[in-house]
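Reading the structure
Read off the chains here:
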Amino acid sequence: LNIASRVNFHDHFGLFKHTSIMFAVSLITGTCNYIYQIYMGKALGPESYGVFGSLFAIFYIVSVCGGTIQTSIARFVSKLKAEGEYGNIGFLLYGMLKRMSILGIIMFLIFTFAGKYIASFLKIESNELIIIVGIILFLSFFLPIGTGALQGMERFWYLGTINILNASSKLIFGIFLVCMGFGVAGALGGVAIAIFLALIASFIPNIPVLKHKGSEFDFFQLYKYAFPVIIAVFCYTVPANIDVIMVKHFFDEYDAGIYTATSVLGKIVFFIPGAVSAVMFPKVSGMHTQKKRTFSLLNMCLIIACSLSGPVALAYLLTPSLIVNFIFGTKYMEATSLVGIYGLAMFFFTLSVIVSSYNLAIHNLKYVLIPVSFMFLLIFLLSIFHKTMREIVMTMLYVSAILFFLSYFYTAWRERRMPLVGMGRISIN
């Protein structure tokens, strides 16, 4: 029992330590990202900012494949690390580079040839902006390979440095290009440059691993895992961004800019505890491989996330006009009636994402059915209830709250049904 207690303390202390590192990183990157967004909102104005926001939302939704690759690589790298098979980690990374290059080219070609249709749906006159998004997506398919390996090996200092490089480069080059008069194209161009620099930096700390000449890895197992993962991640990426796209389609450019500002403010609630999932995932995955109990880590992560996001969501509810005026200025004051509700929706959505990440880490792929159902439900409800922007944010709130409570109680119910093998004292023997 004493040995089990020491192991349990070590696991929880490691979680706290690495979460602290990634939280500090998330503060820095979040600050850069939001200075970038706020500057673009003020420099471009509501009309152009609505265009920028809708294109940025498309980038987030389509780049879900890249996020899935990071999640999948992190899971298998953490597994290979726990088993001591470092040589095969390099074999895995080389194989993914070849596969992602093909996928990235296909995605770029799709955006190139379908650009006029996307622009028509969003009421955008320039097809060139769609092509820039295609270039960003092409680069974004490679970045998660290096960052996924670092996450899986729990090298959070390197991972944090790369995240800071990405965010700060986007801010610097984005502001420079907009000041040079490139408008929305310049804002997107800064994203492309930042991803390229972060891509190069992500493989430098992985060079020692790449030198190991492994000879085998079952990529079919990765595909088998990645398919439901991509569905799960997609089903959380779409709800977090589809509302901005639909507002751009249903409302005029000015209203779309107001809603984009609301979304940017609300997503502060979502991004602040982002470090929690990043740290939790490899730890839970490694402990699950060693047949240890992990549900207490989920509860701890949810408590940490509540302590980080809760005060921000509460501030949005109590002082929305002060926050909107201070951050975006008087041009965006119409967002005052929306930001409090939207922040609360993002609070529940954040907790849902943590529960989802936990289920993926323990390889509970049946859970994917829950976010899939809610994604289609949200799209269906938004297609009906969109007379006003307030109606849209209320729909977001109801769906995100129900999704969290259903996800958590399902996970807790499944945990109670699991056999009692995998307690710390048994796994040591």
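Residues numbered from 1 in each chain as written. Predicted model: local features only at pLDDT ≥ 70, side-chain atom pairs only at ≥ 80, totals over all residues. Heavy atoms only, no water.

Here's the deal with the overall build of the chain
Looking only at helices and strands, the chain has 18 helices and 0 strands in total. The long-range fraction of contacts in the chain, counting pairs at least 24 apart against all pairs at least 6 apart in sequence, stands at 85%. Accessible surface, the chain as shown: approximately 18400 Å² in total, 71% of it carbon and sulfur. (Helix = DSSP H or I, 4+ residues; strand = E, 2+ residues; numbered from the N terminus. Contact = heavy atoms within 4.5 Å. Areas by Shrake-Rupley, 256 points an atom, 1.4 Å probe, with all protein chains shown as cover.)

Remarks on the packing of helix α5 (residues 128-140) against helix α8 (residues 183-203)
The N-to-C vectors of α5 and α8 enclose an angle of 10°; their axes lie 9 Å apart at closest approach. One way to sum up the angle between α5 and α8 is to call them roughly parallel. With respect to the hand of their crossing, α5 and α8 are arranged in left-handed fashion. Between α5 and α8, the residues in contact are Leu 129, Ile 132, Val 133, Ile 136, Leu 139 and Ser 140 and Val 184, Ala 185, Leu 188, Gly 189, Val 191, Ala 192, Ile 195 and Phe 196, respectively. Residues that form the contact of α5 with α8 fall into these classes: 12 nonpolar, 2 polar and no charged. (Axes fitted to C-alpha atoms, helices over the stretch in contact; angles between N-to-C directions. Parallel < 35°, antiparallel > 145°, perpendicular 65-115°, else oblique. Left-handed = near helix turned anticlockwise from the far one by under 90°. Nonpolar A, V, L, I, M, F, W, Y, C, P; charged D, E, K, R; others polar.)

What about the nonpolar core?
Residues Phe 52, Leu 55, Leu 188 and Tyr 259 are the most contacted members of the largest nonpolar core, which totals 149 residues. The greatest single-element share of this core, amounting to 17 residues, is contributed by helix α1 (residues 2-62). Setting aside chain neighbours within four positions, we find Leu 188 in contact with Tyr 36, Phe 52, Leu 55, Phe 56, Leu 129, Ile 132, Val 133 and Ile 136. (Core = buried A, V, L, I, M, F, W, Y, C linked by side-chain atoms within 4.5 Å. Buried < 20%, exposed > 50% of the residue type's maximum accessible area, 1.4 Å probe, protein only.)

Points about the packing of aromatic side chains
In this structure the tally under the stated criterion is 20 aromatic pairs. For the pair Phe 295 and Tyr 408, a centre-to-centre distance of 6.0 Å together with 35° between the ring planes defines the contact as tilted. Highlighted residues: Phe 295 in helix α13 (residues 295-318) and Tyr 408 in helix α17 (residues 389-417), separated in sequence by 113 residues. The residues Phe 295 and Tyr 408 share a single accessibility class, namely buried. Between Phe 348 and Phe 405 the ring centres are 5.8 Å apart and the planes differ by 50°, which places this aromatic pair in the tilted class. One end of the pair, Phe 348, is in helix α15 (residues 336-361); the other, Phe 405, is in helix α17, and 57 residues separate them in sequence. Among the residues examined, Phe 348 registers a relative accessible area of 15% and is labelled buried. On the basis of relative accessible area, Phe 405 is assigned to the partly exposed category, the value being 40%. (Phe/Tyr/Trp six-rings, centres within 6.5 Å; stacked < 30°, edge-to-face > 60°.)

Focus: the packing of helix α10 (residues 219-250) against α17
Contact geometry of α10 with α17 gives a least axis separation of 11 Å together with a crossing angle of 175°. One way to sum up the angle between α10 and α17 is to call them roughly antiparallel. From α10, Tyr 236, Pro 239, Asp 243 and Val 247 reach across to α17, where they touch Met 389, Ile 392, Met 396, Leu 403 and Ser 407. Taken together, the residues of the contact of α10 with α17 sort by class into 7 nonpolar, 1 polar and 1 charged.

Remarks on the confidence of the model for the chain
On average, residues of the chain carry a pLDDT of 82, and 90% of them reach 70 or more. Within the chain, the element-level pLDDT minimum falls on helix α18 (residues 424-428), averaging 34, and the maximum on α8, averaging 92. Here residues 3-7 scores under 50 on pLDDT; set against residues more than four positions off or in separate chains, the count is 6 contacts. Long-range and interchain partners of residues 420-429, a stretch whose pLDDT sits below 50, account for 17 contacts in this model, where long-range means more than four residues apart. (pLDDT = per-residue confidence, 0-100.)

Things to note about the side chain of Ser 54
By secondary structure assignment, the location of Ser 54 is in helix α1. Relative accessible area serves as the criterion here: at 0%, Ser 54 is assigned to the buried category. Side-chain polar atoms of Ser 54 contact the backbone oxygen of Val 51, separated by 2.8 Å. For Ser 54, the residues in contact, after removing those within four places along its chain, are Leu 122, Ile 124, Val 244, Ile 245 and Lys 248. (Polar contact = N/O pair within 3.5 Å; in protein donor to acceptor, adjacent residues only side chain to side chain.)

Notes on the environment of Pro 371
Of note, Pro 371 is situated in helix α16 (residues 369-384). The class for Pro 371 is buried, based on a relative accessible area of 1%. Note: C-alpha distance between Pro 371 and Ile 231 (140 residues apart in sequence) is 8.5 Å. Ignoring sequence-local partners within four residues, the contact set of Pro 371 consists of Cys 235, Tyr 236 and Leu 403.

Structural notes on a negative patch on the surface
A contiguous patch of negative charge, built from Glu 47, Glu 125, Asp 252 and Glu 253, is present on the exposed surface. Turning to its location among the elements, Glu 125 is positioned in the loop between α4 (115-121) and α5. (Patch = residues over 30% accessible without salt bridge, like charges linked within 9 Å, V, L, I, M, F, W, Y side chains within 5 Å. Salt bridge = Lys/Arg side-chain N within 4 Å of Asp/Glu carboxyl O. Lys, Arg positive; Asp, Glu negative; His and termini not counted. Charge placed at Lys NZ, Arg CZ, Asp CG, Glu CD.)

Regarding unusual backbone geometry
Phi at Lys 123 takes a positive value of approximately 60°, unusual for a residue other than glycine. Relative to the helices and strands, Lys 123 is located in the loop between α4 and α5.

So, the side chain of Lys 170
With respect to the secondary-structure elements, Lys 170 resides in helix α7 (residues 156-179). No salt bridge is formed by the buried Lys 170; the nearest opposite charge belongs to Asp 243, separated by 17 Å.

Quick look at α16
Taking 1.5 Å of rise per residue, the 16 residues of α16 would be expected to cover 22 Å, and the 23 Å separating its terminal C-alpha atoms lies within 8% of that figure. Among all positions in α16, only Ile 370, Pro 371, Phe 374, Met 375, Leu 378, Leu 381 and Leu 382 are buried. One side of α16 carries all its buried residues, which in axial view fall inside an arc of 140°. When the buried face of α16 is taken as reference, the exposed residues oriented beyond 90 degrees from it are Leu 369 and Phe 376. (Expected span 1.5 Å × (residues − 1). Arc of directions from axis to C-beta.)

Topic: the environment of Ile 200
Relative to the assigned elements, Ile 200 resides in helix α8. Once the C-alpha coordinates of Ile 200 and Phe 142 are considered, the two residues, 58 residues apart in sequence, prove to be 9.6 Å apart.

Describing helix α11 (residues 253-271)
Between its first and last C-alpha, α11 extends 26 Å over 19 residues, near the 27 Å set by a 1.5 Å rise per residue. With 16 of 19 residues buried, α11 is to be regarded as a mostly interior element. Of the residues that open α11, the one with a side-chain oxygen 3.2 Å from the backbone nitrogen of Tyr 254 is Asp 252.

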